[in-house]
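# Overview (structure and organization)
Residue strings, one per chain:
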Amino acid sequence: SSPYSLEQERDAKQAEDMNVLKSMGPGRSSVNNVKSAEDFIAFLTAAVKDRSGPEMKNFYIYLQDCFTNADQDLDGLVGPREFDALVDEAAAAPRVFGFAPTAEQMYMNEEERFAARLQ
């Protein structure tokens, strides 16, 4: 049993996810600059409403940056371990605002997470 409350653990994970976003640097996408859950929802809503609009272009760039960061051997492909890292990086943005569960909430351990992502 953890000495921390679920709320403390959630807050720590949100801070970790925010640090992941910050570590990506300013990047080429404005996704990393979204400051609130409402702004994130508005950004994604605009992106899916207009697939050729600036929000979709920014979202595409964000996902492309996630892919590029995960492609450790720079071969243009992501293997199983790289895919695992890609999922975590892409999920960091929605996790900051509580829109996606953490890997720890979904899986009992790293092996279970990796096996599930192989499917």
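What counts and how
Residues numbered from 1 in each chain as written. Predicted model: local features only at pLDDT ≥ 70, side-chain atom pairs only at ≥ 80, totals over all residues. Heavy atoms only, no water. Helix = DSSP H or I, 4+ residues; strand = E, 2+ residues; numbered from the N terminus. Axes fitted to C-alpha atoms, helices over the stretch in contact; angles between N-to-C directions. Left-handed = near helix turned anticlockwise from the far one by under 90°. Contact = heavy atoms within 4.5 Å. Nonpolar A, V, L, I, M, F, W, Y, C, P; charged D, E, K, R; others polar. pLDDT = per-residue confidence, 0-100. Salt bridge = Lys/Arg side-chain N within 4 Å of Asp/Glu carboxyl O. Buried < 20%, exposed > 50% of the residue type's maximum accessible area, 1.4 Å probe, protein only.

## Structural notes on unusual backbone geometry
It is generally the case that most residues other than glycine have a negative phi and that most peptide bonds are trans. One non-glycine residue, leucine 74, lies in positive phi territory at about 55 degrees. Among the structural elements, leucine 74 can be located in the loop between helix 3 (54-70) and helix 4 (80-96).

## Here's the deal with the environment of glutamine 119
Tracing the sequence through the fold places glutamine 119 in the segment after helix 6 (110-118). Separated by 39 residues in sequence, glutamine 119 and proline 80 have C-alpha atoms that sit 9.9 Å apart.

## A closer look at the packing of helix 3 against helix 4
One can describe the packing of helix 3 onto helix 4 by two numbers: an axis separation of 8 Å at closest approach and a directional angle of 145 degrees. Between helix 3 and helix 4 the crossing geometry is right-handed. Residues Tyr62, Leu63, Asp65, Cys66, Phe67, Asn69 and Ala70 of helix 3 pack against Glu82, Leu86, Glu89, Ala90 and Ala93 of helix 4. A per-class count over the contact of helix 3 with helix 4 returns eight nonpolar, one polar and three charged.

## Considering the confidence of the model for the protein
The predicted coordinates ought not to be read in detail in places where the model reports low pLDDT. Confidence in the prediction for the protein averages 83 pLDDT; 76% of positions are at 70 or higher. Mean pLDDT in the protein bottoms out at helix 1 (residues 6-23), which sits at 56, and peaks at helix 2 (residues 37-49), which reaches 94. Taken as a whole, residues 20-25 scores under 50 in pLDDT and shows 13 contacts with residues more than four places along the chain or in a different chain.

## A short note on the pattern of salt bridges
As enumerated under the stated definition, the model contains four salt bridges in all. As a salt-bridge pair, arginine 117 and aspartate 84 come within 2.6 Å of each other at their nearest N and O atoms. Here arginine 117, found in helix 6, pairs with aspartate 84, found in helix 4; they are 33 residues apart in sequence, far enough to count as distant. A relative accessible area of 11% means that arginine 117 is categorised as buried. Note on aspartate 84: relative accessible area 6%, which makes it buried. Arginine 95 is paired through a salt bridge with aspartate 88; the nearest N and O atoms lie 3.6 Å apart.

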